[in-house]
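# Residue-level structure breakdown
Chain by chain, the residues:
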Amino acid sequence: MTVEASTQAAPPRPAAPARHRPVFVIALFLALAAVPLAVTLGLPAHWLTLVTRAMIFAIAALSLDLILGVGGLVSFGHAAFIGIGAYATGIMITEGQTEALIILPVLLAACAVFAAVTGAVSLRTRGVAFIMITLAFGQMAYFLAQALSAYGGDDGLTLYEQSTLAGFEPFANRTTFFYVVLAVLAFCHVLVRALVASRFGRVLRAARENATRVTMTGFDVGRVRLVAYVISGMIAGLSGFLLANQTEFVSPAFISWQRSGELIFMVVLGGVGSLHGAILGALAFLIAEDVLSGLTEHWKVIFGPMIVLFVLFTRGGLVGLLGRLTGRRDG
Amino acid sequence: MAEPVLALIGINKAFGALKVTDCVSLAVQPGELHALIGPNGAGKTTLVHQISGVLRPDAGQIMFKGRDITELASEKRAQAGLARTFQITSTIPSLSVLENVALGVQARAAHPLALLRNAAEDAALNEPAWAAIAAVGLTERAHVLAGRLSHGEKRALEIAMALTLEPSVILLDEPLAGVGREEGERLIALLNSLKGRYAMLLVEHDMEAVFALADTVSVLVYGRVIASGDPASVRADPAVREAYLGEEG
């Protein structure tokens with residue numbers, strides 16, 4: 001660096017503003033870790049399965065937030081990655097391969113390739129065109145899954161075995177499964193947080209606001225976005241692996257555009273770009289869905305308007321709401 | 001005369017039937033402040049866009065440090081040391097001043113896109129950024145979000161961002177536009193302090209500033225350079241007086 005300070009002495013550097021400690025995030029994970037305990041103390045038993053499922057979707061929503069919230073790219077085909085993860089798992093188990101140490105590399109590679117190819121095309125566009133192209137690729141994956149007649153086609157594929165991990169059966173016990181999913185969610189959260197705070201993440205964030213400036217600074221914005229898209233797709237694929245093992249069933253419905261829409265909604269509900277907001281959004285979405293559908297069979301009539309009102313009246317989603325309630329700017 | 005660091009050779013650009021750049025040739029010498037003036041619609045910004053790679057010229061050549069960059073992508077030009085600021089200020093509003101400038105340092109760093117290491121506390125990025133911030137007099141505002149700066153401060157920030165590219169040439173697209181008198185004077189002093197160290201191509205409306213700062217002035221009218229030379233001779237040129245200075249009164 002050869003920039004010299006001007007002749008007069010520079011004023012002292014101001015101190016960096018104090019950073020908030022991630023209190024919400026820690027509280028959130030502690031609350032999740034206590035769910036199995038709460039079930040032994042009287043919380044309905046199906047909550048263990050419900051929260052496990054919600055955390056699996058939280059992983060997918062978190063991955064979507066990386067490109068949607070941080071990168072500013074509204075992908076409307078993110079369920080395709082859950083589907084690829086779930087189908088790769090289902091097909092390999094059907095073919096007799098249950099070992100996660102083999103399934104996972106194959107699945108992650110498949111998601112990476114799909115993301116790289118579809119991303120290379122769709123990232124040439126912006127705004128509504130990007131939404132439509134990702135939707136189109138998502139629908140392609142959906143119809144491909146429907147056409148897989150050897151693996152259930154339209155009816156879906158029932159799995160008669162779960163994955164093993166290095167010979168162990170981590171998914172056989174519901175409590176163990178719960179903690180495995182919690183650990184994966186925590187790992188993904190730490191990973192995505194680190195990505196966002198890194199040099200790479202700074203370029204991704206900056207490009208969301210002013211791509212021209214970032215290009216003129218000397219960065220290849222398209223490449224940075226593509227890498228983010230691939231990483232995001234791989235994490236969503238991981239959630240598909242967990243989902244297939246939980247439901248022991250895989251179907252084209254996993255990939256439907258409604259599912260992609262729900263993922264976007266989870267991110268918006270929680271608070272776009274905050275990462276833990278996506279987790280909170282997924283939990284709130286699935287739990288509200290479960291509770292309401294237990295009250296009445298016409299639950300969608302309540303759920304729909306509730307969603308609309310919520311988005312209208314909470315700026316910044318659940319995270320923004322929590323922040324205002326506790327007088328903090330963010331978690 | 002030394003080898004120019006930036007040279008345009010017979011640049012042409014038309015939008016349909018409208019010739020916006022008409023066989024423009026000009027050269028910027030190392031350390032020189034070359035001002036480009038001209039009335040509204042003369043094609044000044046279009047020319048800057050072609051130099052920075054936003055637009056491709058229809059014909060002609062752009063030479064930068066002895067290398068033909070006519071077909072080079074924008075980010076490659078920036079990496080090679082051709083920095084620019086924008087007519088409409090262009091910063092990253094939700095990043096702090098320090099982060100905006102560190103982004104520029106990062107572009108030149110060994111691992112510009114490192115995936116996991118925290119960037120905000122990275123001294124390898126922050127130290128050079130602090131130096132550039134001090135050079136433009138923004139030290140006290142370093143932790144303020146760029147979106148909250150005053151107009152003149154944003155201009156200074158843009159210049160700091162350009163400095164981090166260790167540029168051979170800085171393209172300044174109307175840095176004084178829309179800036180108040182007091183801030184304008186501070187910016188002129190800043191540009192003056194950078195003069196000689198960096199070659200600059202200054203596109204500017206403010207005639208007072210141009211004639212105070214520039215080593216060379218070129219006048220662009222309807223896409224064509226009608227005069228080029230030292231400020232005094234350009235000011236005296238009858239064609240310039242008629243086409244441009246006359247309008248100003």
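The following refers to the structure shown.

Calculation notes
- Residues numbered from 1 in each chain as written.
- Chains lettered and ligands numbered in written order.
- Predicted model: local features only at pLDDT ≥ 70, side-chain atom pairs only at ≥ 80, totals over all residues.
- Heavy atoms only, no water.
- Contact = heavy atoms within 4.5 Å.
- Buried area = accessible area lost by both parts, 1.4 Å probe.
- Salt bridge = Lys/Arg side-chain N within 4 Å of Asp/Glu carboxyl O.
- Polar contact = N/O pair within 3.5 Å; in protein donor to acceptor, adjacent residues only side chain to side chain.
- Helix = DSSP H or I, 4+ residues; strand = E, 2+ residues; numbered from the N terminus.
- Nonpolar A, V, L, I, M, F, W, Y, C, P; charged D, E, K, R; others polar.
- Buried < 20%, exposed > 50% of the residue type's maximum accessible area, 1.4 Å probe, protein only.
- Arc of directions from axis to C-beta.
- Pairing = 2+ DSSP bridges.
- Axes fitted to C-alpha atoms, helices over the stretch in contact; angles between N-to-C directions.

## What about the interface of chain A and chain B?
Reports often express the size of an interface as the amount of accessible area lost when the parts come together. Counting residues at the interface gives 41 residues for chain A and 55 residues for chain B. Regarding the contact of chain A and chain B, the summed buried area is about 4100 Å², with carbon and sulfur atoms giving 60% of it. At the surface where chain A touches chain B, the tally comes to 5 salt bridges. Note that D122(B) is salt-bridged to R199(A), the shortest N-O span being 2.7 Å. Scanning the region where chain A abuts chain B turns up 18 residue pairs in polar contact (both at pLDDT 80 or more). When contributions to the side of chain A that touches chain B are tallied by element, the ones reaching two or more residues are α7 (174–197), α8 (199–216) and α9 (221–247) of chain A. Ranked by residue count, the leading element in the side of chain A that touches chain B is α8(A), at 14 residues. Looking at the side of chain A that touches chain B residue by residue, the classes come out as 22 nonpolar, 8 polar and 11 charged.

## Overview of helix α1 (residues 23–33) of chain A
Residue and element names in this part refer to chain A. Those residues of α1 that sit buried are F24, V25, L28, F29 and L32. Viewed end-on, α1 has its buried residues packed into an arc of 125°, placing them on one side of the element. Buried-residue contacts for α1 involve α2 (35–40), α3 (46–70), α7, α11 (276–295) and α13 (317–326).

## A few points about the sheet that holds strand β8 (residues 199–203) of chain B
All names here are of chain B. Ordered in space as β6-β7-β8-β3-β9-β10, the 6 strands form an open sheet in which the pairing is mixed. Unpaired on one side and paired on the other, β6 (82–85) and β10 (224–229) mark the two borders of the sheet. Taking each pair of neighbouring strands and ignoring which way they run, the sheet shows an average axis angle of 15°. The pairing of strand β7 (residues 169–173) with β8 spans 5 bridges and is classified as parallel. Directly across from D173, in β8, lies its bridge partner V203.

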